[in-house]
Amino acid sequence: MEYDFNNIERYWQKYWKTHQTFQADDITEKIKYYVLDMFPYPSGAGLHIGHPLGYIASDIYARHKRAEGYHVLHPIGFDSFGLPAEQYAIQTGQHPAKTTEINIQRYKEQLSKLGFSFDWSREFRTSDPSYYRWTQWIFIQLFNSWYDQEAQRARPIESLIEAFEKNGNQTIKAAGTTTNPFTAEEWKNSTKAKKEIILQNYRLAFRSKATVNWCPELGTVLANDEVKDRKSERGGYPVYQKEMVQWSMRITAYAERLLKGLDEIDWPEALKESQSYWIGKSFGARIRFELTKGNSIEIFTTRPDTIFGTTFMVLAPEHPIVNQITTAEHRLAVEAYIEEIKKRSELERLSDVKNVSGQFTGAYTLHPFTGKKLPLYLSDYVLANYGTGAIMAVPAHDSRDHRFAKRFGLEILEVISGGSDVQTEAHETKEGYCIHSDFLNKLEVKVAIKKAIEKIEEKGIGQGMINYRLRDAVFSRQRYWGEPIPIYYKKGIAVPLPEQKLPLLLPDIDKYIPTEEGEPPLRRAKAWAWDEKQQKVVNNELMDEIQVFLLDTNTMPGWAGSSWYFLRYMNPKNEERFVNQQAENYWQNVDLYIGGAEHATGHLLYARFWHKFLKDRDWVSTEEPFKKLINQGMILGNSAFVARVNGTKKFISAGLVKNQDVQELHIDIQLLKHGDELDVEKFKKWRPEFAEAELILEGGKFFCRRKVEKMSKSKYNVINPDEICEKYGADTLRMYEMFLGSLEQSKPWNTQGIIGVHQFLRKFWRLFHSTGVFHTDQEPPTAEESKVLHQAIKKIRKDIENLSFNTSVSAFMIAVNALTALKCCKRIILEPLVILIAPFAPHIAEALWQRLGHEDSVSLARIPNHDPQHLVEEIIEYPVMFNGKLRFKAHFQANIPTTEIEQQILKYPKIQDYLNGKTLKKIIIIPKKVINIVL
RNA sequence: GCCCGGGUGGUGGAAUAGGUAGACACGCAGGACUUAAAAUCCUGUAGUUAUUGUGGCUGUGCGGGUUCGAUUCCCGCCCCGGGUACCA
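Keep in mind it's a predicted model, so treat the numbers as computed, not measured. (Residues numbered from 1 in each chain as written. Chains lettered and ligands numbered in written order. Predicted model: local features only at pLDDT ≥ 70, side-chain atom pairs only at ≥ 80, totals over all residues. Heavy atoms only, no water.)

Draft legend 1. Just the environment of K823, in detail. If you trace the backbone, K823 turns up in the loop between helix 24 (805–821) and helix 25 (827–837). With 261 residues separating them in the primary sequence, K823 and S562 have C-alpha atoms 52 Å apart. (Helix = DSSP H or I, 4+ residues; strand = E, 2+ residues; numbered from the N terminus.)

Below is the structure:
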């Protein structure tokens, strides 16, 4: 009987579905294992061959863990709020929920064809009201919490209010926006509105006026991680800095814990490093410089040791003090400069970092130690939202200050010896010792930093401090397709909705664009007001500012829903709580998380932040959400290009292009014949504008240029998994994607080798068949057959554990080749192999398992252990002479003492041959590997 | 610029507490079976050289070093991929 993969796969996919083979329980006695994929955003393009890579890997691992006896949670869902669906809605007027639903159905269909062992009963979407109800709930908890820096944890806002009532904000150490000190009396005498303004400085979800990334094209603000190269990550539209009142998340309160937590999780080093860089902890000092006119300016520096090298000061143009300190004769120039900076940022400051700009304010500060007058400049190389927005410039030891000094002809004063000439180049390394530095002279940099901080604190002009690059995350979006923020505004005070009234449902609106007044789309909703008495959403006309108030018109960002979804899978149907406490206690956190590295500073950071917050408030029991994480590499496409002579209809074959002025156009890879040759007929039919194309051939053929790049619909290099499944079957596709190379590496898709994996599966199938019918033998195995099996078990189990799936596929091939050669069809050898291969190729395994007479699914069978008895290791006959030494390799069981090995070696006949007539000087035994015998 | 990852046959890739480099697979060449094809099976396949039936030499991006021994460790370069961008 032939290996009819199409029927087999269809049958078993249906079987798993009807039997709910992979459904997990919320709690059991068994040890848990939680394998999670980053859930997909269902885009309109459907899945391409690259998407399933991570899912296949996680599925193999999940199935393997089940076979090892773990109780495995392997869920899937959809990250269904997001920009593309909304952009599409704006263009077509179609409700994003509709397009999203269509896309999800397509995804589900494609996913089901690959035979994943997902527990579909736990599926949900982030746009389900029953899900986002809890996203809104978490938001309210964040709103009602503050971060106690003494206790290093978040606490309910009531405890902060209590503290204020007792002692004002004098004694409390809370993470927050800097606020003026107040006493208990002052607090008690404040109005409700005033109190709320103060509290906003401490809440973990808070409203504040801040410089944000504004993207006019998308009509919304964006978080830092959503901006790449001053363009929006989605769509690539320009992003500008703008002052706006926005909701933010006080992630900075968790900076230290987010950094420290990296030590305890098993993540790729590269990813940890990028998070750690994003958090950007630096040690330094805050130093106050007095102005000649009585004001003072605080700066932050990591190099207080270079304080004597300060020759000028620089402020960010947006610094609030600028107006106060600018002298009359410089006012015009300063205002012009600030204006210019604003304009420049609108013109997108063409990344001309080297181009120095700045403006003198006319003001001077006094050096705190020497009393020297230091001119005060403005420049856009100083950022308003890092440190204090002001710096002491040390041109001799900072390249940016150096550039600035050169441009404006300022003094460059060397204070750290050991570099080259500081007049031509800054000496930035922390090597050397201090000179021209009074009390720091002759000290090494590291010592000098400490000493300088000591002196600064002694003098009362500043203190040592730790600074983080991490910024609070802007949380509101002026968009429609997201979770509504469950807040209404009562006389300007933000009030959260009662928890039991959640979810606050996303209203229907007529158009998905901002209002004519430029307000967010939700302002278009007819019923978007909260009636405090009735506790429900009512029509806007009823708004009276007494009982009925306007709801927040912002929505949450894409990362809100994905910051806690892994918790919901533990107990997805719960209507009382975001996750049942027992279920949370049982499943704890994700043991293995597989997904792309592009989420390093977005999702993976926010999810850790929320998780730590939930831990602080005792809603979850673990500190970190994802114990082990693997980034799967991308599968790249091999794009094809045709070269068109600019402004003509003439196309030139790739080999003839040379230096001609051509434009390269992506063409569909379906238009290629074999290799790089273009199918001219198909090409001419592909697009009407190519119908009359004039093609310059090369030896009668037209060749395309190829390039490996990201697989994407717009590059016409997409390979659809459905086609591969049809032709070779899902099992082949699964194994081939693993066989292609290591999971973490990016690699171009290449169909060439797939036949090898397919042939392997057919060969495996044939092991169980003779002359067309299913046939196995009951005979006991020979030693050789046992060895093949047990070697395979040992190697494959080890490789799966290391997530080295490519080498485990090879191990299968070796075993099957060996058994084919041995003509082995013994049940006792073959049956364990079926269990072993099931995680990789589940359909064929099920089909064979059934034919072997089992009634249950092979997915419920336990994976066999290798028996070391069958793997007795022995001396390999491989003695070689070199450099006067006899070298050979031997394998021993690890626990044999070395003296024993020596004796055995000497007994070995070949050794005796070599020793013939010579005396033995020394035996060097390198454990487990090689033995050198000196004659 | 800075940080991370990686350069191994015609191709995808194995092998790193240093120990037969090229597992496994594709492709290619030859053969068996067949009227033929498909399918299947077998043999060969880093390069080079020779006294071509068991050898020699060269080979893991380049140049050095440590070592009896280096794809693996160290130093200095080159190239490719990814991340990041004035963070004081």
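Draft legend 2. Highlighting the packing of helix 5 (residues 129–143) against helix 18 (residues 603–616). One way to put it is that helix 5 packs onto helix 18 with a least axis distance of 11 Å and a crossing angle of 65°. In terms of orientation, helix 5 lies roughly perpendicular with respect to helix 18. Regarding helix 5 and helix 18, the two cross each other, and that crossing is left-handed. Contacts from T135, I138, Q141 and L142 of helix 5 reach helix 18 at F609, W610, F613 and L614. A breakdown of the residues in the contact of helix 5 with helix 18 according to their chemical character gives six nonpolar, two polar and no charged. (Axes fitted to C-alpha atoms, helices over the stretch in contact; angles between N-to-C directions. Parallel < 35°, antiparallel > 145°, perpendicular 65-115°, else oblique. Left-handed = near helix turned anticlockwise from the far one by under 90°. Contact = heavy atoms within 4.5 Å. Nonpolar A, V, L, I, M, F, W, Y, C, P; charged D, E, K, R; others polar.)

Draft legend 3. Examining helix 6 (residues 157–167) more closely. Looking at helix 6, one finds that the buried residues are I157, S159, L160, A163 and F164. Burial along helix 6 is one-sided: seen end-on, the buried residues are contained in an arc of 155°. In helix 6, the exposed positions that point more than 90 degrees away from the buried face belong to E162 and K166. Elements that come into contact with the buried residues of helix 6 comprise strand 3 (145–148), strand 4 (153–156), helix 7 (184–189) and helix 8 (192–200). Two residues or fewer past helix 6, G168 is found with a positive phi of approximately 65°. (Buried < 20%, exposed > 50% of the residue type's maximum accessible area, 1.4 Å probe, protein only. Arc of directions from axis to C-beta.)

Draft legend 4. Highlighting the pattern of salt bridges. Counting across every chain of the model gives 38 salt bridges. The shortest N-O distance in the salt bridge between K627 and D591 comes to 3.2 Å. Taken together, the residues K627 in strand 24 (residues 626–631) and D591 in strand 23 (residues 590–595) connect sequence positions 36 residues apart. For the salt bridge of R827 with E831, the shortest nitrogen-to-oxygen distance reads 2.9 Å. Residue R827 and its partner E831 are located together in helix 25, separated by four residues, close to a single helical turn. What you see here is one network of salt bridges that share partners, running through R257, R608, K612, D616, E623 and E624. (Salt bridge = Lys/Arg side-chain N within 4 Å of Asp/Glu carboxyl O.)

Draft legend 5. Layout of the sheet that holds strand 9 (residues 240–249). Pairing is antiparallel across the open sheet formed by four strands, whose spatial order is 6-5-9-17. The open sheet has two free edges, formed respectively by strand 6 (220–222) and strand 17 (473–474), since each of these has just one partner strand. Pairing of strand 5 (residues 205–215) with strand 9 involves ten bridges; the strand directions are antiparallel. Note on strand 9: the bridge partner recorded for A205 is M249. In the packing of helix 5 onto the sheet, contacts are made with strand 5 and strand 9, and the angle to strand 9 comes to roughly 95°. (Pairing = 2+ DSSP bridges.)

Draft legend 6. The sheet that holds strand 24, seen in detail. Pairing within the open sheet is parallel, and its four strands lie in the order 2-1-23-24. Two strands bound the open sheet, and with one partner strand each, they are strand 2 (71–73) and strand 24. Within this sheet the neighbouring strands show an average axis-to-axis angle of 20°, counted without direction. In this fold helix 2 (residues 52–67) packs onto strand 1 (32–37), strand 2 and strand 23, with an angle of close to 170° to the strand it touches most, strand 1.

Draft legend 7. Expanded view of the side chain of S58. Position of S58 relative to the elements: it lies in helix 2. S58 sits in the buried class, given a relative accessible area of 0%. The residues touching S58, leaving out its near neighbours within four places in the chain, are V35, D37, H74 and I594.

Draft legend 8. Up close: the side chain of S117. Structurally, the position occupied by S117 is in the loop between helix 4 (96–112) and helix 5. In terms of polar contacts, S117 uses its side chain to reach the side chain of R66, at 3.0 Å. Excluding its chain neighbours within four sequence positions, the residues that come into contact with S117 are F22, D59, A62, R63, R66 and H74. (Polar contact = N/O pair within 3.5 Å; in protein donor to acceptor, adjacent residues only side chain to side chain.)

Draft legend 9. Highlighting empty space enclosed by the protein. Enumeration over the complete set of coordinates arrives at two cavities of 30 Å³ or more. Looking at the largest cavity, its volume works out to about 70 Å³. R63, R66, A67, I835, A838, P839, V858, S859 and A861 together form the lining of the largest cavity. Sorting elements by how many residues they give to the lining of the largest cavity places helix 2 first, with three residues. Taken together, the residues of the lining of the largest cavity break down into six nonpolar, one polar and two charged. Here the second largest cavity defines a volume of roughly 40 Å³. (1 Å grid on protein atoms, 1.4 Å probe; cavity = no way out; pocket = protein on both sides within 12 Å on 5 of 7 lines; lining within 4 Å. Points joined across faces, edges and corners; volume = space filled by probe spheres on them.)

Draft legend 10. Inspection of the pairing of strand 23 at higher detail. Counted residue by residue, strand 23 has six buried out of six residues, so it is predominantly covered. Pairing of strand 23 with strand 24 involves five bridges; the strand directions are parallel. Looking at strand 24, one finds that L592 is bridged to K628. Between strand 23 and its parallel partner strand 24, the chain crosses via helix 18, and the hand of that crossover is right-handed. (Right-handed = clockwise from strand over helix to strand, strands pointing away.)

Draft legend 11. Representation of the confidence of the model for chain A. Put simply, chain A has an average pLDDT of 86, and 91% of its residues get 70 or more. Below a pLDDT of 50 lies the segment residues 873–898, which in the model reaches 60 contacts outside its immediate sequence neighbourhood of four places, other chains included. Overall, residues 917–935 carries pLDDT values under 50, and its contacts beyond four positions in sequence, including any with other chains, amount to 52 contacts. Across the interface, the model reports ipTM at 0.93; the global pTM reads 0.89. (pLDDT = per-residue confidence, 0-100.)

Draft legend 12. How the structure looks around helix 24. When the terminal C-alpha atoms of helix 24 are compared, their 25 Å separation across 17 residues agrees well with the 24 Å that a helix rising 1.5 Å per residue should span. Buried residues of helix 24: F805, N806, S808, V809, A811, F812, M813, A815, V816 and L819, and no others. Where the residues of helix 24 are buried, they touch helix 2, helix 21 (730–739), helix 22 (754–767), helix 23 (783–801) and helix 25. One or two steps after helix 24, the chain reaches K823, where phi turns positive at roughly 55°. (Expected span 1.5 Å × (residues − 1).)

Draft legend 13. Representation of the packing of aromatic side chains in the model. Going through the model one piece at a time under the given rule, you end up with 70 aromatic pairs. Centre to centre, the rings of F475 and W559 are 5.2 Å apart; their planes meet at 70°, and the pair counts as edge-to-face. Of this pair, F475 sits in the loop between strand 17 and strand 18 (487–490) while W559 sits in helix 15 (residues 558–562); the two residues are 84 residues apart in sequence, bridging distant segments of the chain. Accessibility classification places F475 together with W559 in one group, the buried group. Their ring planes at 25° and their centres at 6.3 Å tell us that Y488 and W530 sit as a pair that is stacked. Residue Y488 is located in strand 18, and its partner W530 is located in strand 20 (residues 529–531); the two are separated by 42 residues in the primary sequence. Like W530, Y488 is buried. Directly above the aromatic system of F206 lies the positively charged group of R250, at a separation of 3.8 Å from the ring centroid. R407 extends its terminal NZ or CZ atom over the ring of F408, reaching a point 4.6 Å from the ring centre. (Phe/Tyr/Trp six-rings, centres within 6.5 Å; stacked < 30°, edge-to-face > 60°. Lys NZ or Arg CZ within 6 Å of the ring centre and 35° of its normal.)

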